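# Observations on chain architecture
Now for the letters of each chain:
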Amino acid sequence: MLCFCACQSGGAALHPVILVPGSGGNQLEGRLTAKYKPPSWLCSREVAPGCCGRGWFRLWFDPSVLLAPFTKCFAHRMTLHYDPEKDDYYNAPGVETRVPHFGSTRSLLYMDPHLKHVTAYMGPLVDSLCRIGYVDGQTLFGAPYDFRYGLAADGHPSRVGTKFLGDLRDLVERASASNGGMPVILLSHSLGGLFVLEFLRRNPPSWRRKYVRHFIALSAPWGGSVEEMLTFASGYTLGVPLVDPLIVRGEQRSSESNLWLLPNPVVFESTRPLVISSSNVSYTAKDMSQFLTDIGFPEGVGPYKSRIVPLTERLSMAAPGVPVTCIVGSGVRTPETLFYDQDRGFDGQPEVVYGDGDGTVNMVSLLGLERLWKDETGQELKVIKLPEVSHTSILKERGALEKIMEEISYLNFHDKKAIASS
């Protein structure tokens, strides 16, 4: 039974663990100022559910998003705006956001404190860490972030994402210092893995060797996913039946991090069709700019080509020099090719041909580093496949949790044994 313990008791010295969630994997709070212009009276500060007067409210996740009239309010507030002159992304005018409880696991356990078991995210993982001796705020830490924002290639501003990397560095150093100088274990899920890999790349090798013992990436979409093309083309509601995907499509297209998750030609075969349109036009991983234009999102082409492409092209050169373990699910039906009919085109949901993966990320992407880094000398990389484990069940399924704990326990035991014999 899930208990989502607060980890109140500790044990022997352990490598501190820092959890970095995936997209939508932590709570996000919002506040509406006088500059906010609601799209309808239902979206005003006083009327919309979850908005307590003019103070901070939980923007993600709130159950009101499932109610059609309020889905539009949610999408309007979550939408980002790219400013070509400043070359960066910003909230909608009048919308302020903040990430609660940075440094703690509190905002990662579940998305809604009133629906803990229904919206559980990293709660079961945290419970498992508690059982092997980890304590929240002492040896266990959380690094939540505004998952709508991403990172950009060198030479381009990325105000929110860059600040997160700075906060993460401070947290790593603080966690290590408070645990006798023990280097940390970075444990990420999904999109969090892309952030961590880029975080390591942007810090000097000497810093990495001193502060990072190991990087464990769960379900990391190293090369993006075909499902992300579905999100951009038609909108995606995670299978929730009450939500019209077209209502949230604009908000999903505006997300900087979603551009980062489109299939990367460095990982996906550049000649393999991933989407076939109603007019029989095929799009491969190297056709993303044309794909964005043809689905009616030409404004996404500029930031994709200038900010994202250079970021993804260097994946093969991003080996961080610290040990990396990738734990991935496999054997789950995962969208591999999308076929759109002539009736509704990209406004309709496609016929899907499935392949191997974790249900969200394609296997070629999950195993991307294994191929790209096979000739990297000095880079330790271990890949663990978990049959029939999905993208999110890796955080909940007993066998998956046992394997994750086994890897962390081995690192702690191995290092203690090495110290004792020295």
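Anyway, here's the lowdown on the structure attached to this text.

The rules behind these values
- Residues numbered from 1 in each chain as written.
- Predicted model: local features only at pLDDT ≥ 70, side-chain atom pairs only at ≥ 80, totals over all residues.
- Heavy atoms only, no water.
- 1 Å grid on protein atoms, 1.4 Å probe; cavity = no way out; pocket = protein on both sides within 12 Å on 5 of 7 lines; lining within 4 Å.
- Points joined across faces, edges and corners; volume = space filled by probe spheres on them.
- Helix = DSSP H or I, 4+ residues; strand = E, 2+ residues; numbered from the N terminus.
- Nonpolar A, V, L, I, M, F, W, Y, C, P; charged D, E, K, R; others polar.
- Contact = heavy atoms within 4.5 Å.
- Buried < 20%, exposed > 50% of the residue type's maximum accessible area, 1.4 Å probe, protein only.
- Axes fitted to C-alpha atoms, helices over the stretch in contact; angles between N-to-C directions.
- Parallel < 35°, antiparallel > 145°, perpendicular 65-115°, else oblique.

By volume, the largest pocket is sized at about 1400 Å³. Around the largest pocket sit 43 residues that line it, and Ser23, Gly24, Trp60, Tyr236 and Leu238 are the ones nearest its centre. Broken down by secondary-structure element, the contributors of at least two residues to the lining of the largest pocket are α1 (68–78), α7 (226–234), α8 (245–254) and α9 (256–260). Looking at the lining of the largest pocket residue by residue, the classes come out as 20 nonpolar, 18 polar and 5 charged. The volume enclosed by the second largest pocket comes to roughly 410 Å³. Lining the second largest pocket are 19 residues, and of these Thr97, Val99, Asp146, Val160 and Lys163 sit closest to its centre.

Structurally, Asn258 can be placed in helix α9. Through-space distance from the C-alpha of Asn258 to that of Gly368 is 18 Å; in sequence the pair is 110 residues apart. With residues near it in sequence (within four places) discarded, Asn258 still touches Glu228, Thr231, Phe232 and Gln252.

Buried residues dominate helix α5 (residues 191–201), accounting for 10 of its 11 residues. Taken residue by residue, α5 has Leu191, Gly192, Gly193, Leu194, Phe195, Val196, Leu197, Glu198, Phe199 and Leu200 as its buried positions.

For the rest of this paragraph, the subject is the packing of α1 against α8. Between α1 and α8, the least distance of the axes is 8 Å, while the angle of their chain directions is 10 degrees. As summarised for this structure, α1 and α8 are arranged roughly parallel, according to the angle between their axes. Counted together, Thr71, Lys72, Phe74, Ala75 and Met78 of α1 and Ile247, Val248 and Glu251 of α8 form the full contact between these two elements. Looking at the contact of α1 with α8, its residues break down into 5 nonpolar, 1 polar and 2 charged.

It is worth spelling out unusual backbone geometry at this point. The peptide bond linking Trp60 to Phe61 adopts the cis configuration, its omega dihedral lying at 5 degrees. Turning to its location among the elements, Phe61 is positioned in the loop between β3 (57–60) and α1. The backbone phi angle of Asp87 is positive, close to 55 degrees, even though this residue is not glycine. Looking at the secondary structure, you find Asp87 in the loop between β4 (80–83) and β5 (88–91). Unusually for a residue other than glycine, Ser190 sits at a positive phi of about 55 degrees. By the secondary structure assignment, Ser190 is in the loop between β8 (184–189) and α5. Residue Ser190 is classed as buried on the basis of its relative accessible area of 10%.

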